[in-house]
Structure formats: C-alpha cells, structure tokens
Amino acid sequence: MRLAEVDGKALLSRHGFALPKSLLLGAGQSPPDEVANWPGFLLKAQVLEGGRGKNGLVRRFDKAADFRDARRLILATLDDADTPLLLEQAVPILREIFVAVRVDGTRQRLELLIAAQGGENVAQAAKLVRIPIVDRTTPEAIFPALAKLFPRELAAQLARYAARLPDVVRQEDLELLEINPLALTQDGDLIACDAKIIRDEAADFRHDPEEFPTSRRLAERAMTALERAARELGFQLIETDGNVVLVTSGAGLAMMMMDLLADHGLRAASFMDNMRGAPDETMTERLKIARALAARRNIKAIVFQTVIASRSLAERIDALIAWIAAEPLPKPLFVGLAAGHAATRQMSADAAIEKLRALGVAAFTDPVELVKAVAQAVG
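Read on for an overview of the structure. Keep in mind that what you see is a predicted model, and the values were worked out from it rather than measured.

## A look at the environment of I74
Position of I74 among the secondary structure elements: in helix α2 (residues 67-78). Given the relative accessible area of 0%, I74 is considered buried. Not counting chain neighbours up to four residues away, the residues in contact with I74 comprise L43, A45, G56, L57, R59 and L85.

As structure tokens, then:
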C-alpha cells in the first residue's frame, strides 16, 4: 500500500519527526485566512504516482492570493477536480538531503540509504551510501559513513536522525520509508519536506483499517473496473500496458513469466496475485477476467501458466477445457503446465499437454518454450 504524502507525513508525525505546517484541501476548498502570514507556499497534488514536480503537480508561490492560479494549473494538468491538495508552508532550506530505509530483498534485511543531495532523480544521479541494518542500529554505527559526506557536526546530527528510521519501518511494517528532501534549515533543523512510504499490505491486519483515508480513497479511485471485479471474485489484478494477457496464481510465478515475456519482446497486460483470506481456488474466476481483457484490440495472445503441487491436474485441465469450450476465444491461447507427483495421480503432465493440443491449444511443460512459441506466433 503506497501512502499519499499527507498520510505518509501523518505517520512520520506520530513518531515525532519534524514536518512543515500544512493542511489538506478538498475539492473547492480555499485556505483559511490564518495561512496568509506564511512566508511562502507549496501546493501539492495528492496522488500515488511519483514525479509530481516534473509533471507540474507541485506549485510554489509567495502570496496566498496566488493560491487560485496554482490550483488551476495543477487541476488542469490532472483533469480531475476532485484531487485533494496539500497546502504547505515553504521551508527555508539551506541544504537538501536524501535518506531512506528499504527492504533489501537480496540479503533479506533492511538497508539505510543516504545521499548528500536530495531532489528529483537522486537515486540515479547521486552517490548513495548504503548501510546494512543489523538488529538495532545506533548513531555511532552510522556516523563513520556519513562523516565522509558531511561536515562532522551535520554527520552526527544526521546519524541520530537516521538511526530512528529502522524502528519506524519495523513498527509500521513498511517496505520503504523515503524522505526526499530532508531539509536542513537555516536554523539548523532537519525537516521532512516530502515522504514516499509503502506499507506491506500483508500486514494490514495488524493496523487500523480506517487509517490513511486519503491513500485508500486514491487507491480505490485508481482501480479499473476489471481490477474491482477481480477483487470481488477473490484475487488481485493489476492491469498493465501490455499485449499479452497473463493468467497466473501467485506473485512469484507472475513476475517470472512477466520477465520471460519481456525477454522475448512481449509485454504482459495483467498481473494476478492471491489475496489474503481469499478462496483457495480462483482459476475459473481468473479465466473469466482474462477473457474480458483478451477482447481488447491491443491484445495479441493469452498465456495461462499454472504450477500445481498437490491439487488434481486432471480437474484443472477439465476446468480449463470447459472454459475454452464455453465460447470462442478472442485471442490465441498458450498453456504452460508444471505439476508435482501428487497432482498427477489421475493425469500426467504429458497427457494433459496432448489433451490440450488435440483441441488446437499450444501447450508446454517448459515456460521458456511456451514464451518462444507466443513470440513466434504474434511477432
């Protein structure tokens, strides 16, 4: 779950981090009179996508009277008058710094990232200091790396600040906590001027389901009709800009197949994953959504890849054949099968392949050969 800036800053605030003064404005709302004395203003569209500054969704102005023009420019860019806007007091910034804690998936631990310059494209343009987080990280452990980037007094201040972040990540079940820019003010304070925060959705049951209302509302509005339909049917669908409908079960298998498709010049048009607490079997429901996706003009093929450990392969093939026979498929179907010993009691993988091929369906046990066949057919 990605948090909108306003919710990300609310999370930081409850852990005691300094933030600029701000207020959230809904559609048609104007700022109250008391903000007129602010020394400067930032108006920021609350959306879940990044790159707001480059896309004209953050506007800076000096006088409260310029609010209407800033709002008009932002809403014209979005073409959505209902987008909430965060009005923030401008901070007198002496220096911008980048600091983040993320999950290092390769090493299965947290990692602290710090760059001497913050701002846009920092992850690509700036040299990042990477500090592995082992158990409880102290300021003393962080300081030597920071002393190479900053004056000693600032390095010590940053070390104390950064050492607090891993505990926040653990307590809040975050996948990413990024503060960019972390502003060093002319008074020597550190203020989080923007926050990119992603929470692990699998940990939602440990948190208040009513918190972060702006982020939840934005995520709901961003869903397509088919994504909502999939959720009601018991699984997660993410539509992507691709030309091959991909039907899988589980994020790992989906990501592998997406990579294979990309390696052969194809793009997946769908990502399917299981939902916490969802039914054990949703193949029929996934195929229903796949048929709707495949009816679109840009779609070239449907790829159904399944891996079965213990459920009956015969039952799955019978259900797949029934779906194929229900009505003509809008696009060519390619099937990949992998089955464990327990799944093949009634039907072997080779027998399943032959049964599908007898119906004119291209079927494979090797996912690479499957994708090669798709590329050759639609290329």
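## Focus on the packing of aromatic side chains
This model, assessed by the stated rule, comprises three aromatic pairs. Residues F17 and Y161 carry aromatic rings whose centres are separated by 5.1 Å and whose planes lie at 65° to one another, so their mutual orientation is edge-to-face. Taken together, the positions of F17 in the loop between α1 (5-14) and β2 (22-25) and Y161 in helix α5 (residues 152-162) put the pair 144 residues apart, joining distant regions of the chain. Between the aromatic rings of F41 and F61, the centroid separation amounts to 5.2 Å while the plane-to-plane angle is 5°, which identifies the pairing as stacked. With F41 in strand β3 (residues 41-45) and F61 in strand β4 (residues 58-61), this pair connects stretches of sequence that are 20 residues apart. You can call F41 buried: its relative accessible area is 1%. The class of F61 is buried, set by a relative accessible area of 6%. Put simply, the rings of W38, F41 and F61 touch in pairs and so form one group of aromatic residues. One cation-aromatic arrangement involves R164 over F17; the distance from NZ or CZ to the ring centre is 3.9 Å. Geometry around F364 places R357 over its ring, the cationic atom sitting 5.6 Å from the centre.

## Some words on α5
What α5 keeps buried is the set L154, A155, L158, A159, Y161 and A162. Along the long axis of α5, the arc covered by the buried residues comes to 160°, so they all point the same way. For α5, the exposed residues set more than 90 degrees away from the buried face come down to R152, E153 and R160. Close packing links the buried residues of α5 with β6 (93-104), β7 (109-115), α4 (139-146), α6 (165-172), β9 (174-185) and β10 (190-192).

## Considerations on the pattern of salt bridges
Considering all chains together, one arrives at 24 salt bridges under this definition. Taking the shortest distance from any N to any O, the salt bridge between K9 and E5 comes out at 2.8 Å. With K9 and E5 both in helix α1 and four residues apart, this pair spans about one turn of that helix. Salt-bridge contacts for R296 lead to E239; the nearest nitrogen and oxygen are separated by 2.5 Å. In this pair, R296 sits in the loop between α10 (283-294) and β15 (301-308) while E239 sits in strand β12 (residues 235-239), placing the two residues 57 residues apart along the sequence. The class for R296 is partly exposed, based on a relative accessible area of 35%. The exposure class assigned to E239 is buried, which follows from its relative accessible area of 19%. Overlapping salt bridges bring together E5, K9, K44, R52, E88 and D194 as one network.

## Let's talk about the sheet that holds β15
Strand order in the open sheet formed by four strands is β13-β15-β16-β17, and the pairing between neighbours is parallel. On the outer flanks of this sheet lie β13 (244-247) and β17 (362-364), each paired with one strand and no other. Each adjacent strand pair in this sheet contributes to an overall mean axis angle of 15°, direction not counted. The pairing of strand β16 (residues 333-339) with β17 spans three bridges and is parallel. Each residue of the ladder has a partner; that of F334, found in β17, is A362. Of the strands in this sheet, β13 and β15 touch helix α9 (residues 251-263), which is tilted by about 155° from β13.

What counts, and where the lines are drawn
Residues numbered from 1 in each chain as written. Predicted model: local features only at pLDDT ≥ 70, side-chain atom pairs only at ≥ 80, totals over all residues. Heavy atoms only, no water. Helix = DSSP H or I, 4+ residues; strand = E, 2+ residues; numbered from the N terminus. Buried < 20%, exposed > 50% of the residue type's maximum accessible area, 1.4 Å probe, protein only. Contact = heavy atoms within 4.5 Å. Phe/Tyr/Trp six-rings, centres within 6.5 Å; stacked < 30°, edge-to-face > 60°. Lys NZ or Arg CZ within 6 Å of the ring centre and 35° of its normal. Arc of directions from axis to C-beta. Salt bridge = Lys/Arg side-chain N within 4 Å of Asp/Glu carboxyl O. Pairing = 2+ DSSP bridges. Axes fitted to C-alpha atoms, helices over the stretch in contact; angles between N-to-C directions.

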